[in-house]
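Coordinate analysis (summary)
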Amino acid sequence: MKRLFRGGTVISGTGQKVLDVLTEDEKIIKVEKDIEDPEAEIVDAAGRYLFPGFIDGHTHMALEVSGTVTADDFATGTKAELAGGTTCIIDFATQEKGDSLSYALKRWHEKADGRASCDYAFHLALSDWNEQVREELTDITRQGIHSFKLYTTYDAMVLDDASIYEILACLKDLGAVAAIHCENRGIIDARLKEILREKGDRKNVSDYPWTRPAEAEAEAVSRILKIARCVDVPVIIVHLSSKEGYQEIERARAQGQKVYVETCPQYLVMDESRYQGADREGRRYMIAPPLRRREDQEILWRALKNDQIQTIATDHCSFTLAQKEMGAEDFSKTPCGMPGAEERPALIYHFGVGEGKLTLEQMCRYLAENPAKLYRLYPQKGVIREGSDADIVVWDPGAEWTLSARTQQSASDYCPLEGQRLKGRAVQVYLRGVLSAENGKIVAPGRGRYLTKGGETCIL
């Protein structure tokens, strides 16, 4: 089937231009002015933007964590992504200690295959490092996994510095890249003990951000970058939240080091005052790293404006209010994470483009083009051009709507920004040429396809 998007403003990472876009079946076959094709169904896109389908490079669907499982699995979570304009996610297939990488990958395929409503690929999160895992990495990369997650905290996932060094060296030889969660485990553990010793319990959620200070992020960022410099390999710092962490990245870059950076909407539009209300409310916003100060938001927005951050992902890791209540007697037992899949593009448009902090081109780069390039999906994804997948977001810059748990696709029963009025949204979302979501409603579910990552990596 042919479809002709007529008169829309096509947005790329480098410019914007009023063009027609012709698709046939799953691919874009022509992008130019004044296309005529009598066989094509017409989509009137005049006055609207045409973005490439957005890519969320950091999600946690159906993740077993903190004694529970995230509220969103691949069925509900990918509907939330699709509703907001995201046509592809990259989820973290997680190796548990003692498991092989092939087993971890098999488990994630069982969770996702046949259930997803948007396309998906995987990173592999490593929790164990030994000779068997080292030997297995070559085969895993041949299967199309070229990005790996490492942690500097969490008992179940933390790796020591020697292991991190060896993993980075191995990934360098394989042409793969590591994305790293940076927080100092020792500082966190010591402060959790200190709260318990001084107060007798850990019930007060307002104490939570103190246990995971910006300095803990900055120390881990600095350490990881020094290890990466010894190996001479670029790394990705994920969910950067703080001024202090960003300053460490600036120092490394000033010495010529290549560092890629991801941040998330929650660190741009919410701050640590969310922890100061009633504890039940505060637990909703418990994420790791925690929400920071408004000063940190300003630093991150400035870095985005200056193209010093490469991607904006969600770290979508959703729970219900009942699951959050697991931390009622001890906030350290609260599952950390929030929903955010559906609202990411609209938040970046409203608070970024709408307030003059970002350009449309930057929004395209951070939400589509850069993650496609960084994670080897470009040019199949992340761009509107001949030969690319017909993943097209029809964006109405004047549409006004309100965030609400009542209307969201996520299985989480709360919305972190409940009642927030936004201007601009994805009014139509096409996944490989098929209208799949319209005004937040899913109209063609279950069409998600697994992607192997075959393009070049780290070419930003």
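Up top is the structure these notes are about.
Residues numbered from 1 in each chain as written. Predicted model: local features only at pLDDT ≥ 70, side-chain atom pairs only at ≥ 80, totals over all residues. Heavy atoms only, no water.

1. Observations concerning the overall build of the chain
- For the chain, the count of helices and strands is 14 helices and 19 strands.
- By the compact-globule yardstick of 23 Å for 460 residues, the chain fits well, its C-alpha radius of gyration being 21 Å.
- Along the first, second and third principal axes, the C-alpha set of the chain runs to 75 × 50 × 45 Å.
- Expressed as a percentage of the 460 residues in the chain, the buried residues total 63%. (Helix = DSSP H or I, 4+ residues; strand = E, 2+ residues; numbered from the N terminus. Rg over C-alpha atoms; globule rule 2.2 N^0.38 Å. Buried < 20%, exposed > 50% of the residue type's maximum accessible area, 1.4 Å probe, protein only.)

2. As for the layout of surface pockets
- The calculated volume of the largest pocket comes to roughly 990 Å³.
- Looking at the lining of the largest pocket, the elements with two or more residues in it are strand E7 (64-65), helix H2 (101-112), strand E11 (147-151), helix H5 (185-199) and helix H6 (208-211).
- Broken down by element, the lining of the largest pocket gets its largest block of residues, four residues, from H5.
- Its residues assigned to classes, the lining of the largest pocket shows 18 nonpolar, 11 polar and 12 charged. (1 Å grid on protein atoms, 1.4 Å probe; cavity = no way out; pocket = protein on both sides within 12 Å on 5 of 7 lines; lining within 4 Å. Points joined across faces, edges and corners; volume = space filled by probe spheres on them. Nonpolar A, V, L, I, M, F, W, Y, C, P; charged D, E, K, R; others polar.)

3. A word on unusual backbone geometry
- Following Ala-288, the chain continues to Pro-289 via a peptide bond in cis, the omega torsion being -5 degrees.
- Secondary-structure assignment places Pro-289 in the loop between helix H10 (279-283) and helix H11 (294-305).
- Tyr-378 connects to Pro-379 through a cis peptide bond whose omega is 5 degrees.
- For Pro-379, the location among the structural elements is in the loop between helix H14 (360-374) and strand E16 (392-402).
- The backbone of Asp-34 shows a phi angle near 55 degrees, a positive value even though the residue is not glycine.
- On the secondary structure map, Asp-34 appears in the loop between strand E3 (27-32) and strand E4 (41-44).

4. Re the packing of helix H13 (residues 344-353) against H14
- Packing of H13 against H14 leaves a shortest axis separation of 11 Å and a crossing angle of 150 degrees. As far as their axial angle goes, H14 and H13 are roughly antiparallel. Considering only the axes of H13 and H14, their crossing is right-handed. Where H13 approaches H14, its residues Arg-344, Pro-345, Ile-348, Tyr-349 and Val-353 are matched on the opposing element by Leu-360, Met-363 and Leu-367. (Axes fitted to C-alpha atoms, helices over the stretch in contact; angles between N-to-C directions. Parallel < 35°, antiparallel > 145°, perpendicular 65-115°, else oblique. Left-handed = near helix turned anticlockwise from the far one by under 90°. Contact = heavy atoms within 4.5 Å.)

5. Let's talk about helix H1 (residues 74-84)
- Of all 11 residues that make up H1, eight are buried, and the element is covered over most of its length.
- Turning to H1, its buried residues number three or more, namely Phe-74, Gly-77, Thr-78, Ala-80, Glu-81, Leu-82, Ala-83 and Gly-84.
- Backbone nitrogen of Ala-75 and a side-chain oxygen of the N-cap are separated by 3.0 Å at the start of H1; the cap is Asp-73.
- One or two residues past the end of H1 sits Gly-85, with phi positive at roughly 115 degrees. (Polar contact = N/O pair within 3.5 Å; in protein donor to acceptor, adjacent residues only side chain to side chain.)

6. So, helix H7 (residues 214-231)
- Under the 1.5 Å per step criterion, the end-to-end length of H7 is 26 Å for 18 residues, consistent within 8% with the ideal 26 Å.
- Buried within H7 are the following residues: Ala-214, Ala-216, Glu-217, Ala-218, Ala-220, Val-221, Ser-222, Ile-224, Leu-225, Ile-227, Ala-228 and Val-231.
- Check the buried side of H7 and you find it contacts helix H4 (161-174), strand E12 (177-181), H5, strand E13 (235-237), helix H8 (243-254) and strand E14 (259-263).
- Of the residues flanking the end of H7, it is Asp-232, one or two places downstream, whose phi is positive at about 65 degrees. (Expected span 1.5 Å × (residues − 1).)

7. Digging into the pairing of strand E2 (residues 16-24)
- Note that strand E1 (residues 2-11) and E2 share eight bridges and pair antiparallel. Counterpart to Lys-2 in the pairing with E2 is Glu-24.
- Between E1 and the antiparallel strand that follows it, E2, lie four residues.
- Inspection of the sheet shows E2 paired to E3 by five bridges, in the antiparallel sense. (Pairing = 2+ DSSP bridges.)

8. Digging into the state of the cysteines
- The final tally for this structure, using the stated rule, is zero disulfides.
- Unpaired in terms of disulfides, Cys-118 finds its nearest cysteine sulfur in Cys-88, a separation of 6.6 Å.
- Cys-317 takes part in no disulfide bond, and the closest cysteine sulfur, belonging to Cys-336, lies 8.6 Å away.
- Judged by its relative accessible area of 5%, Cys-317 falls in the buried class. (Disulfide = S-S within 2.5 Å.)

9. Some remarks on the side chain of Thr-78
- When you line up the elements, Thr-78 lands in helix H1.
- Residue class for Thr-78 comes out buried when judged on its relative accessible area of 0%.
- Engagement of the side chain of Thr-78 in a polar contact is seen with the backbone oxygen of Phe-74, the distance being 2.4 Å.
- With residues up to four places along the chain from it excluded, the contact list for Thr-78 reads Met-61, Asp-73, Ile-89, Arg-115, Ala-116, Ser-117 and Cys-118.

10. Notes on the pattern of salt bridges
- This model, assessed by the stated rule, comprises 39 salt bridges.
- Linking Arg-185 and Asp-189 is a salt bridge whose minimum nitrogen-to-oxygen distance equals 3.8 Å. In this pair, Arg-185 and Asp-189 both sit in helix H5, four residues apart, roughly one turn of the helix.
- Residue Arg-185 is classed as partly exposed on the basis of its relative accessible area of 31%.
- The shortest N-O distance in the salt bridge between Arg-293 and Glu-295 comes to 3.8 Å. (Salt bridge = Lys/Arg side-chain N within 4 Å of Asp/Glu carboxyl O.)

11. Observations concerning the nonpolar core
- Counting residues in hydrophobic clusters, the biggest one holds 106 residues, and the most contacted among them are Phe-51, Leu-168, Ile-237 and Trp-395.
- The element that contributes the greatest number of residues to this core is H7, accounting for seven residues.
- Excluding its chain neighbours within four sequence positions, the residues that come into contact with Ile-237 are Ile-180, Cys-182, Val-221, Ile-224, Leu-225, Ile-249, Val-259, Tyr-260, Val-261 and Glu-262.
- By size, the runner-up hydrophobic cluster in this structure holds 16 residues, among which are Cys-88, Ile-90, Val-238 and Leu-377. (Core = buried A, V, L, I, M, F, W, Y, C linked by side-chain atoms within 4.5 Å.)

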